[in-house]
Amino acid sequence: MKYEKQNVAKRRPFPYFILHPSSFILALVLSSCASQQPPPGGPVDTTRPKIDSVIPHHREINVPTNTNIWFRFARDVDPASFATAFTITPYLNGTPTFHWSGHNEVRVDLPKLKDSTTYTAQLSRDLKTLLLNGAGAALASPYFLTFSTGPLIDTGLLSGFLLTPIHAPPMKPSDLFVFAYAMSVPHADTLNFTHTPPDQLTQPNDQGLWEFRAMKVGHRYRVYAIGDVYRNKVYDPGVDAFGIPAGDALLDSSVKSGMYIRMSPSTDTIKPGLQDV
């Protein structure tokens, strides 16, 4: 750089510098490096999230009641999508918290668990890989982690098919949820699924097949299919599509299949109102 000498009488309040042309090139390079971002509508990530390891292990027994869950992924995932995708049932007296190490390892701190209870942690298809333009790939199918805080683990399996509405716009089954409520508990007949979250939940695959694992054999369950647009684990009238099977399911053996649920479209229950005249 060269400092331009000037007459003192004509000197400006602040001296200025004459920069070599190469300095402009360097500034442009640094500027472009500092603002590197994928262009809007950039490439879509097609590599789906994959769980490398998890603690506790699937179907592990005698897990301490003060345990936490550790997930390690094969690649970076979006933490916000993880928070939406994670569910553990039966529901806890408290809220899990998430502590990340980078974007591919997370520790889920749980409230104290009940003794001699089977728990199922699930990651839904809301989980996505981390991509700056928001086009991360979703989990291919729901991930289930089942463990028990006692010496035994529930082994019942309940499955069925989700059928889309006959006279309504088509629905993608894998975008919906199936809720199961244990009816072999006190006050089950007062169940209100607009306020009560389910005892178990799952997602169908693209063909509509759904299944619940680690159910209690000998118990009766009431099953609903819900759109759950707000991801709040309850039915919102006028917002969520829903479906109800012909009746409850009695899990009188370790495997019960063939329960069909026909979806109904969401019904708008909001009455028109005058906003302005």
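Residues numbered from 1 in each chain as written. Predicted model: local features only at pLDDT ≥ 70, side-chain atom pairs only at ≥ 80, totals over all residues. Heavy atoms only, no water.

## Things to note about the overall build of the protein
From N to C terminus, the protein includes 2 helices and 17 strands. Across the 277 residues that make up the protein, the buried fraction comes to 38%. A sequence separation of at least 24 residues applies to 69% of the contacts in the protein between residues at least 6 apart. Accessible surface, the protein as shown: approximately 16,500 Å² in total, 57% of it carbon and sulfur. (Helix = DSSP H or I, 4+ residues; strand = E, 2+ residues; numbered from the N terminus. Buried < 20%, exposed > 50% of the residue type's maximum accessible area, 1.4 Å probe, protein only. Contact = heavy atoms within 4.5 Å. Areas by Shrake-Rupley, 256 points an atom, 1.4 Å probe, with all protein chains shown as cover.)

## Here we look at a nonpolar patch on the surface
Taken together, the side chains of Phe161, Leu209 and Tyr260 make up a nonpolar region of the molecular surface, amounting to roughly 270 Å² of accessible area. On the secondary structure map, Phe161 appears in strand E10 (residues 156-163). What makes Phe161 partly exposed here is its relative accessible area of 33%. (Patch = residues over 30% accessible without salt bridge, like charges linked within 9 Å, V, L, I, M, F, W, Y side chains within 5 Å. Salt bridge = Lys/Arg side-chain N within 4 Å of Asp/Glu carboxyl O.)

## Here's the deal with the sheet that holds strand E5 (residues 86-89)
Reading across from one edge, E5-E8-E9 is the order of the 3 strands in this open sheet, with antiparallel pairing throughout. Two strands close off the open sheet at either side, each with one partner strand: E5 and strand E9 (143-148). Strand after strand, the sheet turns through a mean of 15 degrees between neighbouring axes, direction not considered. By the bridge criterion, 6 bridges tie strand E8 (residues 118-123) to E9 in an arrangement that is antiparallel. Bridge pairing in E9 links Ala121 to Leu145. (Pairing = 2+ DSSP bridges. Axes fitted to C-alpha atoms, helices over the stretch in contact; angles between N-to-C directions.)

## With respect to the packing of aromatic side chains
Applying the stated criterion across every chain yields a total of 16 aromatic pairs. With centroids separated by 6.2 Å and ring planes inclined at 15 degrees, the aromatic side chains of Phe71 and Phe73 adopt a geometry described as stacked. By relative accessible area, which is 3% here, Phe71 ends up buried. The class of Phe73 is buried, set by a relative accessible area of 2%. Measuring from ring centre to ring centre gives 5.9 Å for Tyr181 and Tyr224, while their planes differ by 75 degrees; the resulting arrangement is edge-to-face. Of this pair, Tyr181 sits in strand E11 (residues 177-182) while Tyr224 sits in strand E14 (residues 220-226), placing them 43 residues apart in sequence. (Phe/Tyr/Trp six-rings, centres within 6.5 Å; stacked < 30°, edge-to-face > 60°.)

## A word on unusual backbone geometry
Following Ile55, the chain continues to Pro56 via a peptide bond in cis, the omega torsion being 0 degrees. Relative to the helices and strands, Pro56 resides in the loop between strand E3 (51-55) and strand E4 (68-73). For the bond from Thr89 to Pro90, the omega torsion is -5 degrees, close enough to zero to count as cis. One can find Pro90 in the loop between E5 and strand E6 (97-101). In this structure, Ser116 is a non-glycine residue whose phi angle is positive, near 50 degrees. With respect to the helices and strands, the residue Ser116 is situated in the loop between strand E7 (105-109) and E8. What makes Ser116 exposed here is its relative accessible area of 51%.

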